[in-house]
Structures are given as C-alpha cells and as structure tokens.
Amino acid sequence: MKEYLDSDRVNFLIWRYLLEGNYRETAVKFQKEWHIQEPHRQLDFAPYVKSHALVNVLNKGLLYHSLEREHAQAIQVPGDAAAQAALAEAMQLGVFGPLVAHPLPHQQQQLEESDDDAEAEPDIDIQPTAALIPTPAPAVVSSGVDVENSRKRQGDRQQQALVNGSPAKRPRLSNGYEHGADAATTPMELDGPDHQGDNHAYPSPLEGEQASTPVPRTDGPEQGTQIDKVEELASETTFIPLGSGLDDASALSPVTALSRVNGDSAPVLLHCQWHPQDPSLLAAAGTDALARIWNISRGAAADPASEDHVNSAVPDFRTLVEDDIPPKATVTSMAWNWDGSAIAVATDSDSKARLTLWTPDASYIHHFEVSEPPIIKLRWSPLSTAILAIAPDNGGTLITIYHAHTLNSMTYFLPNHDLNSEPLDAAWTNDTEFLLCGGELLALLRYSDKEIIQVQKFETREGDTLTQVQYDSRCSMAATCGEKGIVDIWDNTGKRRSIEAHCDAVTALAWQPRQFPVTDNERLLASGGEDGAIFIWNALATDGTAKCSMTMGPAIVALAFTPDGAFLAGATSERILIWKVGDHGIPRASWSRLPHPGWLSPRMNPESDEEDEHCLCWDSTGHKLAYGVNSRLAIINFRP
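(A) Examining the overall build of the protein more closely. Within the protein, the regular secondary structure consists of eight helices and 35 strands. At a minimum sequence separation of 6, the contacts of the protein that also span at least 24 residues come to 54%. For the protein, the exposed area adds up to about 31,400 Å²; of that, 51% sits on carbon and sulfur atoms.

Right, here's the structure in full:
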C-alpha cells in the first residue's frame, strides 16, 4: 500500500534536510512560512522519519525511474522507424534531462559560475503562499547500475576521500563564515563526478573541509577600518588562573604561580563582570570561596617559559571574601552597582548565607546575614540605593530588598513558585519598582520603607515558560523569553506582542545599549537560542520580522553588546563570533575555544563534560571580552 503524501509530509522532509545540512537560517524562514511552530513535536509522523529521509526517497525514486526505462527498452514495441527512433530518444531522458553519469566538465564549471553569480546577488523577499507545497511532488529517479557501482566503490575509496576532501563539492558558507566541520551531519551517498564516494548532499564533518574566508562588507573608513578577512583572536588572549595558593603569587614567576594555582582543586567559575567604568577591573566568583577583583591591563605580556599557556601572566588581584568564610563556600551571586562604586557578593556555606558589599579596591563596607540561603540572583536599583535578591524558601520563593546604605531589609513571599522547576528573573523599571518573571508569572512590584506590594499582574498564557526579562528605560518596554522559542515585547500598559523567534528555547536576550543619534522608530533587541541562531529585532516594529540574523551551529549560550552598541558577541560552548551591528554579512572577529593551548593545558584541572554556567561580558571600552566556563577564564583583546 502506498503511503499517503500531503504538503505537511513533504515540507517536513525539506525542513529536516535543511537542518541536517546546517542551512539553519533557511530552515527558520521556511518554518515560519509553513506556520508549524514545532514540526518535530506537532506532527504525529515526525518520530518515525529517519535521518536524511529526503535524499533517501529521492534516490529510490531515481532508481525506480531507471527500472521503468530499462523495462521499456526490454519490451519490443511495434511501430514504424520514426516511432522507434522517438522512443529511443525518450529513453535517454531522465528527470534532470539527458542521462549522464555526472555533469560534463564544462557543465560543472558553468554550474559553479552560476552559483557564484547567485551568491553575489542580493536577497529577494518572497511572499509566503497559503500552502508551500499544495500538491504531492511527482516521483523522481537515475540509473540503478550507476548507483549500485557507486555504492560498491564507496567503501574502497572512503579513506582516500577523507584525506583528499571532496573535489566536486564547493565550500558552503553561512553568513559568510562557516567551516564544513561545524555541520552536524552524516555523509550521504549521491551520484556525482568520478564516483569518488564522497558526493554528499551537503558538507560532511568527516572531511574536515575548511571554507575560505570571504571579504566582508564594511561601512567605510569613517566607521571602521576595512579588513580582508575575519580576524582570529586566539593570539590576543590572556588566561586568568583561578586556583588557590595565590597569596604570594605576585612574588613568584608566572610559571611557578601557574603550577601552584592550576591543580586538581581549581574552583568552578560561576560569575564574571567588568567594572562598569574602569576597563582594568574584572570581578569573578565561583566555588571554593572564589571572589576576586583582578587588575588587568590590555595585552598583558606572557612569560616566555610558559609555552602551553598563551599570555598566561598572573595579574594582580584583591579578594572579596571575609576571613570567617569557609574555604569551601560558594559565591552564589555577584553584581556591580551602576556607577561601580560598590560590588555585592552573596556567599553560601553549610546552610548559612551572607550578602557583603565591597568597594572596587576590595575595602569592606558592611554585610547582611541571609535567613533563607542561598541567594541565586542579585539586581541593583538604577540609583544604587537598593539591592533585590531572589532565594528559595520552603518550596516557594523569597524576594528581599536590601537598603544599600543601611542594614534594613524587607521581604515578599511567592508561596507556590518553585525555583527548581520555574527559574525566576527580575528587572528594575525605576528606583522603587521592579518586574518579576518566571513560568506563567509576570508582575510589577513596588517597594517602600514599609512594605513590598504587587502593583500590576500581566496577563500571560496558560503553559507559558518565561525564563528571562530585560527592561529598556528608553522606550519603557520589557522583553521576555522562554523555553518555547517566543520573544515577547510588553509596553507599560501590559499590551503584549509575541514574536516566534526560535525553533527551540531562547537562551539569551539583550537590548542594544544606547547609541547616538537616537532614532524614534528603532530600538534593537538581540536574541539567541538553542537552535544556534541569533536574531536582531526592532522592538518598535510591528511586522515581527528580524532586522538581521546570524547562525553559529551549536546552541547559543550567551550574547553581549559592546557598551556603545556597535558590536555584538555571540558565544557557544565552542567559539565566539563578533559582528558589527548593521553589517552582519560575516563576523568581524572569531575566537575558538579549541584547540587553543591555554584551554587545553595539561597542568589544568580536568573538566567534566557538563557546563552549567557560561560568562560573557565586555569591558567599558569594548576592547576586552571576558569568557569563562568551568575552571577557565579567558580575556580576549579585540580591536574594533
């Protein structure tokens, strides 16, 4: 019995092919026009469709068409000479025209030239139709003998193909900068030139094929120096040691200090923030009572003997931990106030927690004893008069407001909000009001000298899974995101506008910092998701169309704008790409986590594969980018 075929089934095969081929941006656009939010979950047949199903079906169709021709040739059909000649000519035509084992050399060259011309043309917006594929596609098919011979030669020549690469395959670029090795695909057999057994429907990671770096489009010398390639920042990196034994590190050589601090007990980095005004001060914190402020100058020199630690000089630092804090305590949260005059550090150890305030030179101000540990999030008010803290409390959530200049505090309890199942985020809208966001909750609260009260509860949908909120004071709008891939824009009246942004959970959300001149019709918001895509939206537009999009392959773990809003850095667990806002054709710079020798040092503490926290932040000048994960902290120098 022939299987039923409709537009959803054909569209699903095409959508899967685009994802497997790492055409992620095209897949996202295709999915939006298809109007199916989660094809892999919403379509009942999706779990039964195997990988590379589209190419498999097409190959079988070509084989069937080949068998039809062979059967017709074997049957003697009566008729005159002209009819016989017409039949013979028809037998030499297949789905793609005259039957040839592969394109002739001049045809292949013409195809490549036409591809180059197509790449040079600007994108054309195509209006979506009611049904992308309204009718089933006709069966298609090719010579069964040729395919069978290609299969037999596949195993014999696979090793040679892996060494020499694919001569018939042209480099594919995504946003101007994608290595073939990044495509998470499996080789698929197709007919092609010379039957080398390496003719895949898209680049294979087994071949390690590197795409050439294209020439970027720049805005001219008045806005930035033109470059002829993506700048690799690996050599511009300083690695900061996080381990213990640093009390006398300043008196030791970098080599000796590093050998003492990078042992098996290196702490896990959980937080990292630059001073909001001083580009030389970097605060970082984590497990094992790690809480320090480093004094980092741009382009710190490396010790010549430390060949396996690139730029691994030990910068000066100050400790932000009180003497009575146990060495196994964890710094659960950390935050600078807006002018950088104080930093708040929350510690937790043995069911006892503390919130301590320090100056930038690590001078103690005062501390608060925390009744319900641990504090998992800290937010300073815009005028730095109060600190909002979020902590679990008996199956619910406790919101505490600490007065920065006194020892006073007040609390607000959410009895049914379990932080383990519904993470909670917060954002101040002014110096006395703040938003709480998590799960199906989005509410505006106000605090005074006497109490904290709920001012407004925004109407959310049943089943909402909100995880983050970011507030923009310039346009008085809030942006939220969640696990369903939707970005919501809220105005101060509670009106909600939803954007179907990503195929999977949204992992990062950031407003572009203020730029001048200020425009009245544009406010940019960046989002990144587990689908590996980064979008920049105009929050004031109503069409729900992204202003620009970039793809990185693996899931996005962090986004960060430079303080002037001119550049955007996106990070995965493998690398960082930096784009100039408004010129997203290709990245301006790139940094890869592997195989950088500082990240793979044999003297470092072996890491687990699990990575919960990724830190990414710019200094106040936009010239240094800090990236941290597990027991590593890298300072990457960037020259705009």
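(B) Molecular detail of helix α4 (residues 53-74). Compared with an ideal rise of 1.5 Å per residue, which puts 22 residues at 32 Å, α4 spans 32 Å between its outermost C-alpha atoms and is within 8% of the ideal. For α4, the complete set of buried residues consists of Ala53, Val55, Asn59, Gly61, Leu62, His65, Ser66 and Arg69.

(C) Fine view of the environment of proline 360. The residue proline 360 is located in the loop between β11 (352-358) and β12 (364-370) in this model. As a C-alpha pair, proline 360 and arginine 318 span 42 residues in sequence and 9.2 Å in three-dimensional space. Excluding residues that lie within four positions of it along the chain, proline 360 makes contacts with His275, Leu281, Ile293, Arg318, Trp336, Gly340 and Ser341.

(D) Inspection of the pairing of strand β22 (residues 477-482) at higher detail. Taking burial as the measure, the six residues of β22 include six buried ones, the bulk of the element. Along β22, one buried face is formed by Met477, Ala479 and Cys481 and the opposite face, lined by Ala478, Thr480 and Gly482, is buried too. Connecting strand β21 (residues 466-472) to the next strand, β22, in antiparallel fashion are four residues, including serine 476 with a positive phi near 50°. By the bridge criterion, four bridges tie β22 to strand β23 (residues 486-490) in an arrangement that is antiparallel. Bridged to alanine 479 within β23 is isoleucine 489.

(E) Expanded view of empty space enclosed by the protein. Counted according to the given criterion, the structure contains four cavities of 30 Å³ or more. In this structure, the largest cavity encloses a volume near 80 Å³. Val28, Gln31, Lys32, Ile36, Gln37, Glu500, Ala501, His502 and Cys503 are the residues that line the largest cavity. Tallying contributions element by element places helix α2 (residues 24-34) first for the lining of the largest cavity, with three residues. Residues of the lining of the largest cavity, tallied by class, amount to four nonpolar, three polar and two charged.

(F) Geometry of the packing of helix α1 (residues 7-20) against α4. Interaxial distance between α1 and α4 falls to 8 Å at its minimum, and their mutual angle equals 115°. Listed contacts from α4 to Leu13, Ile14 and Tyr17 of α1 are Ala53, Leu54 and Val55. Across the contact of α1 with α4, the residue classes break down as six nonpolar, no polar and no charged.

(G) Fine view of unusual backbone geometry. Phi is positive for aspartate 288, close to 55°, though the residue is something other than glycine. Along the chain, the position of aspartate 288 falls in the loop between β6 (281-286) and β7 (291-295). One non-glycine residue with positive phi stands out, namely alanine 289, at about 55°. Mapped onto the secondary structure, alanine 289 falls in the loop between β6 and β7. Using a relative accessible area of 18% as the deciding quantity, one classes alanine 289 as buried.

(H) Up close: α1. Given a rise of 1.5 Å per residue, 14 residues ought to cover 20 Å, and the 20 Å separating the end C-alpha atoms of α1 matches this to within 8%. Among the residues making up α1, those that are buried are Val10, Asn11, Phe12, Leu13, Trp15, Arg16, Leu18 and Glu20. Here the buried face of α1 lies against α2, α3 (39-42) and α4. One or two positions beyond α1, positive phi appears at asparagine 22, with a value near 65°.

(I) Expanded view of the sheet that holds strand β15 (residues 396-403). Strand order in this open sheet of four strands is β13-β14-β15-β16, and the pairing throughout is antiparallel. Both outer strands of the open sheet, β13 (377-380) and β16 (409-414), are each paired with one neighbouring strand and no more. When strand polarity is set aside, the average angle formed by the axes of neighbouring strands in this sheet is 20°.

(J) Highlighting the packing of aromatic side chains. In total, this model carries 13 aromatic pairs according to the counting rule given. For the pair tryptophan 428 and tyrosine 447, a centre-to-centre distance of 5.9 Å together with 80° between the ring planes defines the contact as edge-to-face. Here tryptophan 428 is found in strand β17 (residues 425-428), whereas its partner tyrosine 447 is found in strand β19 (residues 441-447), with 19 residues between them in sequence. Of the two residues, tryptophan 428 and tyrosine 447, neither departs from the other in class, the shared state being buried. Each member of the aromatic cluster is reached from another via a ring pair, and the members are Phe12, Trp15 and Phe45. Above the face of the phenylalanine 535 ring, lysine 32 is positioned so that its terminal group lies 5.2 Å from the ring centre. Above the ring of phenylalanine 317, the side-chain terminus of arginine 292 is found at 5.2 Å from the ring centroid.

About the thresholds
Residues numbered from 1 in each chain as written. Predicted model: local features only at pLDDT ≥ 70, side-chain atom pairs only at ≥ 80, totals over all residues. Heavy atoms only, no water. Helix = DSSP H or I, 4+ residues; strand = E, 2+ residues; numbered from the N terminus. Contact = heavy atoms within 4.5 Å. Areas by Shrake-Rupley, 256 points an atom, 1.4 Å probe, with all protein chains shown as cover. Expected span 1.5 Å × (residues − 1). Buried < 20%, exposed > 50% of the residue type's maximum accessible area, 1.4 Å probe, protein only. Pairing = 2+ DSSP bridges. 1 Å grid on protein atoms, 1.4 Å probe; cavity = no way out; pocket = protein on both sides within 12 Å on 5 of 7 lines; lining within 4 Å. Points joined across faces, edges and corners; volume = space filled by probe spheres on them. Nonpolar A, V, L, I, M, F, W, Y, C, P; charged D, E, K, R; others polar. Axes fitted to C-alpha atoms, helices over the stretch in contact; angles between N-to-C directions. Phe/Tyr/Trp six-rings, centres within 6.5 Å; stacked < 30°, edge-to-face > 60°. Lys NZ or Arg CZ within 6 Å of the ring centre and 35° of its normal.

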